[in-house]
Amino acid sequence: MWWIYAILSAIFASLTAIFAKLGIANINSNLATGIRTIVIVIMIWSIVLARGEAKGISTLSKQNIIFLVISGIATGLSWLFYFKALQLGNVSQVATVDKLSVALTIIMAVIFLGEALTLKTLIGAAFIIAGTIILIVK
């Protein structure tokens, strides 16, 4: 079942890039990121509140809070850089290079989370890295 959500995530991520490129025309990329973030905050908290999931806040540990805050900071920085890259470059190139994050995540999951690295995953990550280098180098 996880793969259905992953495919939906990929579909909406691709729509995000297209709509973002159209939305940042002639405005500051940081302002665009700020507007997008407000929309996301309202949307997500509406879902959390409507489903009664806010009660889970009381069960958060200090570790949960610390890592969620750090993750939020990383997400914010990623979005800021992504929007700036979209403003300066072609969506097809920016979105593709942004997917280098997949290969980096594989590497970091092995190092920091102790996840197993299969040959298939290693080859996939190598192709992503090679593709990124091909797109960047002129």
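This text gives an overview of the structure that appears in the document. (Residues numbered from 1 in each chain as written. Predicted model: local features only at pLDDT ≥ 70, side-chain atom pairs only at ≥ 80, totals over all residues. Heavy atoms only, no water.)

## Some words on the overall build of the protein
The line we're drawing: Secondary structure elements follow DSSP: runs of H or I of four or more residues count as helices, runs of E of two or more count as strands, with numbering from the N terminus. Relative accessibility decides the category of a residue: with a 1.4 Å probe and only protein chains considered, values under 20% of the type maximum give buried, values over 50% give exposed, and everything between is partly exposed. By definition in these notes, contact holds between two residues if any of their heavy atoms fall within 4.5 Å. Throughout, the Shrake-Rupley method with a 1.4 Å probe supplies accessible areas, and for residues the shown protein chains are the sole cover considered.
Along the protein, the regular secondary structure elements total six helices and zero strands. Each helix and strand of the protein, ordered N terminal to C terminal, gives the series α-α-α-α-α-α. When burial is assessed residue by residue, the protein has 13% of its 138 residues classed as buried. Considering only intrachain contacts with a sequence separation of at least 6, the fraction spanning at least 24 residues in the protein is 69%. Taken as a whole, the protein presents about 10400 Å² of accessible surface, with 75% of it coming from carbon and sulfur.

## A look at helix α2 (residues 29–50)
Definition in use: A helix is expected to span 1.5 Å for every residue after the first. The directions considered for the arc run from the helix axis to the C-beta atoms.
Over its 22 residues, α2 runs 31 Å from end to end, which matches the ideal 32 Å to within 8%, given 1.5 Å per residue. All of the buried residues in α2 are S29, A32, T33, R36 and V48. One side of α2 holds all its buried residues, which, seen down the axis, span an arc of 125°. Opposite its buried face, α2 presents the exposed residues I38, V39, I42, L49 and A50, each directed more than 90 degrees away. Residues of α2 that are buried sit in contact with α1 (2–23) and α3 (62–88). One or two positions beyond α2, positive phi appears at G52, with a value near 70°.

## Overview of the nonpolar core
For the record, the criterion: The criterion is simple. A nonpolar core is a set of buried Ala, Val, Leu, Ile, Met, Phe, Trp, Tyr and Cys residues joined through side-chain atoms within 4.5 Å.
Counting residues in each nonpolar core, the largest one holds 10 residues, listed as A17, A20, I24, A32, Y82, F83, L86, V91, V94 and A95. Taken together, the elements giving at least two residues each to this core come down to α1, α3 and α4 (91–98). If near-sequence neighbours (up to four positions away) are discounted, Y82 is found in contact with A17, V94, A95 and D98.

## Focus: the pattern of salt bridges
Applicable threshold: Here a salt bridge means any side-chain nitrogen of Lys or Arg lying within 4 Å of a carboxyl oxygen belonging to Asp or Glu.
Per the counting criterion, the structure on display carries two salt bridges. When the shortest N-O distance is used, the salt bridge between R51 and E53 registers 2.8 Å. A residue is classified by how much of its surface remains accessible, and R51, at 60% relative accessible area, is exposed. In this structure E53 comes out as partly exposed when scored by relative accessible area, which is 40%. K99 is the salt-bridge partner of D98, the closest N and O atoms lying 3.4 Å from each other. On the basis of relative accessible area, D98 is assigned to the partly exposed category, the value being 27%.

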